[in-house]
Amino acid sequence: MDETLRRIPWLRIIAGAAAILVLAAGGLIAIWQTSRSRDFQLFGELVNRVTTEEKVVALTFDDGPTPRYTPGILAMLAEQDVKATFFLIGNEIVANPVEAQAIVAAGHEVGNHTFTHDDMTWATPWSAAEQVEKTDAAIRAAGYSGEILFRPPYGKKFWGLPLYLAGHDRTTITWDVEPESDDDVAADPYRIAAHVTDKTKPGSIIIMHLMYPARDTSRKALPLVIAGLRDRGFRFVTVSQLLALRKR
Ligand code: NI
């Protein structure tokens, strides 16, 4: 130890406290980085994109269903002949069963986006179980029979949620194309479409939010996004279909 530190006890205390603070800050930063990572989690399988040479892409829509916007979104997708993946919130499925059933009946994939849309960073395996299983039950009640993929709210997870999911053989789906995360892009439908067309690679997973009033720009962008990707030769698949194309 440095001579000065040995001679002056209070300096040793300050140095010790500083070291603990630095370690704690480092630990918190590591937790924060892990919790928000789009392509890593501590346990179980996480997919943000699939490696394939086929020009396929999955459109995924988070949150809802809401009575106000679901019919219009479904009509648009039907008109464009696109099957998408909806990550729905359990308590909104319970509140809006007709819309959930309509999404299922239209042949779209339905995923689990928790029951209450809480940030799951500090979830325990037990609270995660409740969030996931109540939502699964709501999805089944809406008539959905396929495998139910999972997407955490805000993409956030740390230990309890991934531990539960890994123990139940569930795949976590995030995304690699997120046009709404840049405010400048999100403010204009044409910029959203240009961003998506530019960033999408074979096997990409695109996230958009269409279910709430504030997302008018995203809803306007959807037909442009579809047209732009089709112009580049992309074909639309559900996330499950995308996972089935993975190289083994
Ligand atoms: Ni969400």
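Here, every reference points to the structure presented above.
I will try to describe carefully the structure that is included in this document.

How each quantity is defined
- Residues numbered from 1 in each chain as written.
- Predicted model: local features only at pLDDT ≥ 70, side-chain atom pairs only at ≥ 80, totals over all residues.
- Heavy atoms only, no water.
- Salt bridge = Lys/Arg side-chain N within 4 Å of Asp/Glu carboxyl O.
- Core = buried A, V, L, I, M, F, W, Y, C linked by side-chain atoms within 4.5 Å.
- Buried < 20%, exposed > 50% of the residue type's maximum accessible area, 1.4 Å probe, protein only.
- Helix = DSSP H or I, 4+ residues; strand = E, 2+ residues; numbered from the N terminus.
- Contact = heavy atoms within 4.5 Å.
- Donors = N, O, S within 2.8 Å, 3.2 Å for Na, K, Ca; no water.

### Considering the pattern of salt bridges
No. 1: Applying the stated rule across the entire model yields eight salt bridges.
No. 2: Taken together, the shared-partner salt bridges in this structure form one network comprising Asp216, Arg219 and Lys220.

### Examining the nonpolar core
No. 1: Formed by 38 residues in total, the largest nonpolar core has its most connected members in Leu59, Phe61, Leu77, Phe86, Met208, Leu222 and Val225.
No. 2: Listed by contribution, the elements that provide at least two residues to this core are β2 (56-62), α3 (70-80), β3 (85-88), α5 (97-105), α6 (125-141), α9 (189-199), β6 (204-208) and α10 (216-231).
No. 3: Top contributing element to this core by residue count: α10, with five residues.
No. 4: With residues near it in sequence (within four places) discarded, Met208 still touches Thr60, Phe61, Asp62, Pro179, Glu180, Ile192, Ser218, Ala221, Leu222 and Val225.
No. 5: Among the nonpolar cores identified, the runner-up in size contains 14 residues, and Val47, Val239, Leu242 and Leu243 belong to it.

### So, the coordination of the nickel ion
No. 1: Surrounding the nickel ion are the protein donor atoms Asp63 (OD), His113 (NE2) and His117 (NE2), at 2.1 to 2.2 Å.
No. 2: All donors of the nickel ion belong to a single chain; written as a sequence motif, their spacing is D-x49-H-x3-H. Of the two residues, Asp63 sits in the loop between β2 and α3 while His117 sits in the loop between β4 (109-112) and α6, which places them 54 residues apart along the sequence. His117 shares its class with Asp63; the two are buried.

### Remarks on the environment of Leu74
No. 1: Relative to the assigned elements, Leu74 resides in helix α3.
No. 2: By relative accessible area, which is 12% here, Leu74 ends up buried.
No. 3: Between the C-alpha atoms of Leu74 and Ile205, which are 131 residues apart in sequence, the distance is 19 Å.
No. 4: The residues touching Leu74, leaving out its near neighbours within four places in the chain, are Phe86, Ala102, Ile103, Ala106 and His108.

The values reported here are purely geometric and, on their own, carry no functional implication.
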